[in-house]
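# Remarks on the overall topology
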Amino acid sequence: GESVGLHLPTLSVQEGDNSIINCAYSNSASDYFIWYKQESGKGPQFIIDIRSNMDKRQGQRVTVLLNKTVKHLSLQIAATQPGDSAVYFCAEIVGGSNYKLTFGKGTLLTVNP
Amino acid sequence: DAGITQSPRHKVTETGTPVTLRCHQTENHRYMYWYRQDPGHGLRLIHYSYGVKDTDKGEVSDGYSVSRSKTEDFLLTLESATSSQTSVYFCATAGQGRFIGAEETQYFGPGTRLLVL
């Protein structure tokens with residue numbers, strides 16, 4: 001079936017740099033996307049979301065960009081901090097699916113001091 | 001933090017025994033979900049509920065059953081545990097509430113680590 005995937009399984013950055021985590025999706029019917037952060041030993045934590053009628057959404061130090069033409073999603077983290085080290089998942093929802101999410105396998109972000 | 005708790009947090013059991021995991025939420029969310037998370041597979045949906053006594057299968061439902069007799073509780077039962085069911089199990093909820101995400105956003109519990117010997 002169609003699924004959400006991630007381009008890079010690992011990403012290592014220096015503290016203070018900006019991080020970009022990418023995600024490809026294949027279901028053109030998906031209308032809602034979410035980024036989650038999962039720290040070791042914890043459950044996924046909501047970071048930011050975006051609907052398919054938007055191209056960009058900003059939160060605190062995070063920005064999500066959506067390119068529907070190429071079915072690509074990215075998460076930008078500004079001034080990356082050691083506390084940002086975690087696995088990041090993107091997920092998609094198809095409307096009318098009882099809000100069922102399709103997840104990618106995740107990208108491990110490591111922030112070096 | 002989302003008001004979602006899971007119990008037990010850790011469990012060791014033997015092959016062939018039944019196991020029940022509990023998810024409890026205080027958000028009055030309509031939707032609840034059970035996932036398992038394994039290395040190399042990410043999060044996979046086992047079962048979900050779209051209302052009290054309304055449940056449906058996910059992609060990896062074989063060997064699992066669920067029940068939801070009230071809004072706040074969603075139970076996952078392994079009818080006869082096998083070693084392949086060793087995993088970390090997460091519960092999630094979605095619905096109208098006090099969080100910044102949309103109604104569709106799923107919020108996760110802390111997880112249950114299950115080891116089947």
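Residues numbered from 1 in each chain as written. Chains lettered and ligands numbered in written order. Predicted model: local features only at pLDDT ≥ 70, side-chain atom pairs only at ≥ 80, totals over all residues. Heavy atoms only, no water.

## Section: the side chain of Gln37 of chain B
- Along the chain, Gln37 of chain B falls in strand E4 (residues 31-38).
- Among the residues examined, Gln37 of chain B registers a relative accessible area of 17% and is labelled buried.
- Polar side-chain contacts of Gln37 of chain B include one of 2.8 Å to the side chain of Gln38 of chain A.
- What Gln37 of chain B contacts, discounting residues up to four positions off in sequence, is Gln38 and Phe89 of chain A together with Gly42, Leu43, Ser87, Val88 and Phe90 of chain B. (Helix = DSSP H or I, 4+ residues; strand = E, 2+ residues; numbered from the N terminus. Buried < 20%, exposed > 50% of the residue type's maximum accessible area, 1.4 Å probe, protein only. Polar contact = N/O pair within 3.5 Å; in protein donor to acceptor, adjacent residues only side chain to side chain. Contact = heavy atoms within 4.5 Å.)

## A word on the interface of chain B and chain A
- In this complex, chain B contributes 25 residues to the contact, which on the side of chain A involves 19 residues.
- Contact between chain B and chain A buries roughly 1,800 Å² in total, counting both sides, with carbon and sulfur atoms accounting for 59%.
- For chain B, the biggest contributors to the area lost against chain A are Leu43, Glu104 and Phe108 of chain B; these three give 28% of the whole.
- Where chain B packs against chain A, one counts one salt bridge.
- A breakdown of the residues in the side of chain B that touches chain A according to their chemical character gives 14 nonpolar, seven polar and four charged. (Buried area = accessible area lost by both parts, 1.4 Å probe. Salt bridge = Lys/Arg side-chain N within 4 Å of Asp/Glu carboxyl O. Nonpolar A, V, L, I, M, F, W, Y, C, P; charged D, E, K, R; others polar.)

## Thoughts on the sheet that holds strand E3 (residues 19-25) of chain B
Residues and elements named next belong to chain B.
- With antiparallel pairing, the four strands of this open sheet are ordered in space as E1-E3-E8-E7. Lying at the two open borders of the sheet, with one neighbouring strand each, are strand E1 (4-7) and strand E7 (64-70). Neighbour-to-neighbour, the strand axes of the sheet open up by a mean angle of 20°, direction not taken into account.
- In terms of strand pairing, E1 meets E3 through four bridges, oriented antiparallel. For Gln6, the partnering residue across the bridge sits in E3 and is Cys23. (Pairing = 2+ DSSP bridges. Axes fitted to C-alpha atoms, helices over the stretch in contact; angles between N-to-C directions.)

## Re the pairing of strand E5 (residues 45-51) of chain A
Residues and elements named next belong to chain A.
- Alignment of strand E4 (residues 30-38) against E5, held across six bridges, turns out to be antiparallel. Looking at the pairing, Phe33 lines up with Ile50 of E5.
- Between E4 and E5, which pair antiparallel one after the other, the connecting turn spans six residues, and Gly41 there sits at a positive phi close to 80°.

## A few points about unusual backbone geometry
- Following Ser7 of chain B, the chain continues to Pro8 of chain B via a peptide bond in cis, the omega torsion being -10°.
- Tracing the backbone through its elements, the reader meets Pro8 of chain B in the loop between E1 and strand E2 (10-13).
- Non-glycine residue Ala79 of chain A carries a positive phi angle of around 45°.
- A positive phi angle is found at Lys53 of chain B, which is not glycine, with a value near 70°.
- Positionally, Lys53 of chain B belongs in the loop between strand E5 (42-51) and strand E6 (54-57).

## Here we look at the state of the cysteines
- Applying the stated criterion to the full structure yields two disulfides over all chains.
- Shown here is the disulfide that connects Cys23 of chain A with Cys90 of chain A, its sulfur atoms set 1.8 Å apart. Disulfide Cys23 of chain A to Cys90 of chain A: torsion about the S-S bond roughly 55°, handedness right-handed. Of the two residues, Cys23 of chain A is situated in strand E3 (residues 19-25) and Cys90 of chain A in strand E9 (residues 86-94); the sequence distance between them amounts to 67 residues. Both residues of the pair, Cys23 of chain A and Cys90 of chain A, count as buried.
- The disulfide that involves Cys23 of chain B links it to Cys91 of chain B, with 1.9 Å between the sulfurs. The chirality of the disulfide connecting Cys23 of chain B with Cys91 of chain B is left-handed, given an S-S dihedral of about -70°. With Cys23 of chain B in strand E3 and Cys91 of chain B in strand E9 (residues 87-94), this pair connects stretches of sequence that are 68 residues apart. There is no split in this pair, since Cys23 of chain B and Cys91 of chain B are both buried. (Disulfide = S-S within 2.5 Å.)

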